[in-house]
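Survey of secondary and tertiary structure
Residue strings, one per chain:
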Amino acid sequence: MNAMTSFERGTVTIRDLSKSFSINGRDLNVLKAFDLDIHAGESLAIVGASGSGKTTLLRVLAGLEYADGGEVLIDGRPIQGIGNERAVIFQEPRLLPWRTVLDNVSFPLEMRRLDAATAQKRALHYLTLVGLRDFAEALPAQLSGGMAQRVGIARALAVQPEILLLDEPLGALDAMTKITMQEELTRIWTEEKVTMITVTHDLEEAVYLADRVLILPKEKGGAIRLVPVDLPRPRDRSDPRFVHLREGLLREFGLH
Ligand SMILES: Nc1ncnc2c1ncn2[C@@H]1O[C@H](COP(=O)(O)OP(=O)(O)OP(=O)(O)O)[C@@H](O)[C@H]1O
Ligand SMILES: [Mg+2]
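Conventions adopted
- Residues numbered from 1 in each chain as written.
- Chains lettered and ligands numbered in written order.
- Predicted model: local features only at pLDDT ≥ 70, side-chain atom pairs only at ≥ 80, totals over all residues.
- Heavy atoms only, no water.
- Pairing = 2+ DSSP bridges.
- Helix = DSSP H or I, 4+ residues; strand = E, 2+ residues; numbered from the N terminus.
- Axes fitted to C-alpha atoms, helices over the stretch in contact; angles between N-to-C directions.
- Contact = heavy atoms within 4.5 Å.
- Buried < 20%, exposed > 50% of the residue type's maximum accessible area, 1.4 Å probe, protein only.
- Near = heavy atom within 4 Å.
- Polar contact = N/O pair within 3.5 Å; in protein donor to acceptor, adjacent residues only side chain to side chain.
- Areas by Shrake-Rupley, 256 points an atom, 1.4 Å probe, with all protein chains shown as cover.
- Nonpolar A, V, L, I, M, F, W, Y, C, P; charged D, E, K, R; others polar.
- Core = buried A, V, L, I, M, F, W, Y, C linked by side-chain atoms within 4.5 Å.
- Parallel < 35°, antiparallel > 145°, perpendicular 65-115°, else oblique.
- Left-handed = near helix turned anticlockwise from the far one by under 90°.

We now examine the sheet that holds strand β7 (residues 163–167). On the basis of which strands lie adjacent, the open sheet formed by six strands has the order β6-β7-β8-β3-β9-β10 and mixed pairing. Each edge of the open sheet carries a strand with a single partner, namely β6 (86–89) and β10 (225–228). The sheet shows a mean angle of 20° between the axes of neighbouring strands, direction not considered. In this sheet, strand β9 (residues 212–215) lies alongside strand β3 (residues 43–47) in parallel orientation, the contact comprising four bridges. If you follow Ile46 over to β9, its bridge partner there is Leu214. Most of the contacts of helix α1 (residues 54–62) go to β7, to which it runs at about 150°, and overall it touches β3, β6, β7, β8 (195–199) and β9. Each of β6 and β7 touches helix α4 (residues 145–158); the most contacted strand, β6, lies at about 170° to it.

Next comes the structure, spelled out in structure tokens:
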């Protein structure tokens, strides 16, 4: 260990980050200079009105989009584009239809030049973790929406990232499946000890998943807010403290 500050794997440091888009010659200031420290192994939810910049922030953290100001550091090192220590899960799993479930999960491992036997073994391990071992040889078209999304989660986990970035991962699922998947995500996050950053427009989901909820401001120029969710897991949605936090977030959005 040297004299530099040491970081636990999966620490995200956001410093003075800003991002604008130019739309029809006008500058749209989406992320207005803010700082945030996301702890190793934390579960952070990002909420905010439509257009508040949730996806933009996630894409900047993923390295799919460049910030115009400030920086993002992972474990103390500034990011430069995408990196193996981060994996992204989108709303749709985007599976390759001609590959089996197992081969979809092993695909990114093959891309990383892991030998076939190791890649298959690891893919099977993560399929088992998401409860789909018996579907390893199925094709994506034979899966339900929730199962397909679990394949996407297994594929992201198989590369063993320090940080999972999820953009409305359960947004396309029905209410029942969504609740099951929120429980699954919590279990996986606990077992894998990854840092999990989840964009969601579902405030109950945010309270269910997160250690802290980051609220992006509605008005440009407003400040971000952080709401700690200090409740034991597994979380009980009918616990008065849970209900209180959920209602508080609803009020933030003028929905209550
Ligand atoms: N590539 C782009 N070019 C120009 N403008 C963009 C681009 N991406 C996003 N924006 C603008 O940035 C703002 C934030 O978009 P973003 O997709 O981050 O919002 P969001 O919070 O994810 O919204 P939603 O809840 O609807 O998904 C929007 O006003 C959008 O028009
Ligand atoms: Mg979005």
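Don't stop here, the text continues.
Relative to the elements of secondary structure, Gln149 occurs in helix α4. By relative accessible area, which is 1% here, Gln149 ends up buried. The contacts of Gln149, once residues within four sequence positions are left out, are Ile89, Phe90, Gln91, Glu92, Pro93, Pro169 and Met181.

The antiparallel open sheet is built from four strands, whose spatial order is β2-β1-β4-β5. Looking at the sheet topology across the chains shown, the edges are occupied by β2 (26–38) and β5 (77–78). One ladder, built from two bridges, connects strand β4 (residues 69–74) with β5; its direction is antiparallel. In the sheet register, Leu73 faces β5, and the bridge partner there is Pro78.

What follows covers the site of ligand 1. Taken together, the neighbourhood of ligand 1 is formed by Phe21, Ile23, Leu28, Val30, Ala49, Ser50, Gly51, Ser52, Gly53, Lys54, Thr55 and Thr56. Contacts to ligand 1 include Ser52, whose backbone N or O atom sits 3.3 Å from an oxygen atom. The side chain of Thr55 places a nitrogen or oxygen atom 2.8 Å from an oxygen atom of ligand 1. In isolation ligand 1 exposes 630 Å². Once the protein is present, 61% of that is buried. Contributing elements (two or more residues each) for the shell around ligand 1: β1 (12–23), β2 and α1. Take the shell around ligand 1: its biggest share by element is three residues, from α1. Here the residues of the shell around ligand 1 sort into five nonpolar, six polar and one charged.

With 53 residues, the main nonpolar core has Leu127, Leu143, Ile153, Leu164 and Val213 as its most contacted residues. Here Val213 is in contact with Ala45, Val47, Ala206, Arg225, Leu226, Val227, Val229 and Leu249, once residues within four sequence places are set aside. Listed in part, the 24 residues of the second largest apolar core include Ile38, Ile46, Leu57 and Ala62.

The next point concerns the packing of helix α3 (residues 116–129) against α4. For the pair α3 and α4, interaxial distance at closest approach is 9 Å and the crossing angle is 135°. Regarding the angle of α3 to α4, the classification is oblique. Between α3 and α4 lies a crossing of right-handed hand. Contacts from Arg122, Tyr126, Leu127 and Leu129 of α3 reach α4 at Ala154, Leu157 and Ala158. Among the residues making up the contact of α3 with α4, the classes are represented as six nonpolar, no polar and one charged.

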